[in-house]
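A structural walkthrough
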Amino acid sequence: FKGKGVNAVVEVDGVEPANKELRSELFGISGKRGVYPQVFIKKGGETKFIGDFEEMTSLNDTDTLPPDILEQNPTIPTFTRVFKDLITKP
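In this text, all values refer to a predicted model and were calculated from it rather than measured experimentally.

**Focus: helix α1 (residues 20–30)**
All of the buried residues in α1 are Leu 26, Phe 27 and Ser 30. The buried residues of α1 occupy an angular sector of 105 degrees when projected down its axis, which confines them to one face. Facing away from the buried surface of α1 by more than 90 degrees, the exposed residues are Glu 21 and Gly 28. The inward-facing, buried residues of α1 contact β1 (38–43) and β2 (46–52). Among the residues trailing α1, Gly 31 stands out with phi positive, at a value near 75 degrees.

Written out as structure tokens, the structure is:
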């Protein structure tokens with residue numbers, strides 16, 4: 001994430017007993033139990049599930065599509081599009 005300019009990252013160790021309540025809440029949002037990693041965006045009081053490893057890999061892959069393809073297809077999810085509000089430029 002930091003390599004792509006997303007610095008507002010909080011990692012939650014899902015195995016840690018102290019995180020049991022949060023882990024259960026996040027599993028409820030994602031619908032995926034025991035699947036790691038899982039990525040969420042928390043904005044205000046809302047937490048949105050973005051994806052697991054496979055979905056994050058896909059977002060990274062689509063970020064490398066030719067710019068003209070992305071321009072013609074603004075609904076294709078890419079890492080940059082999904083995390084646009086969290087990416088900070090140096």
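**What to know about the environment of Lys 32**
Positionally, Lys 32 belongs in the loop between α1 and β1. A residue is classified by how much of its surface remains accessible, and Lys 32, at 23% relative accessible area, is partly exposed. For the pair Lys 32 and Asp 52, spaced 20 residues apart in sequence, the C-alpha to C-alpha distance is 8.9 Å. A polar contact is formed between the side chain of Lys 32 and the side chain of Asp 52, at a distance of 2.7 Å.

Quick notes on the rules
Residues numbered from 1 in each chain as written. Predicted model: local features only at pLDDT ≥ 70, side-chain atom pairs only at ≥ 80, totals over all residues. Heavy atoms only, no water. Buried < 20%, exposed > 50% of the residue type's maximum accessible area, 1.4 Å probe, protein only. Helix = DSSP H or I, 4+ residues; strand = E, 2+ residues; numbered from the N terminus. Arc of directions from axis to C-beta. Contact = heavy atoms within 4.5 Å. Polar contact = N/O pair within 3.5 Å; in protein donor to acceptor, adjacent residues only side chain to side chain.

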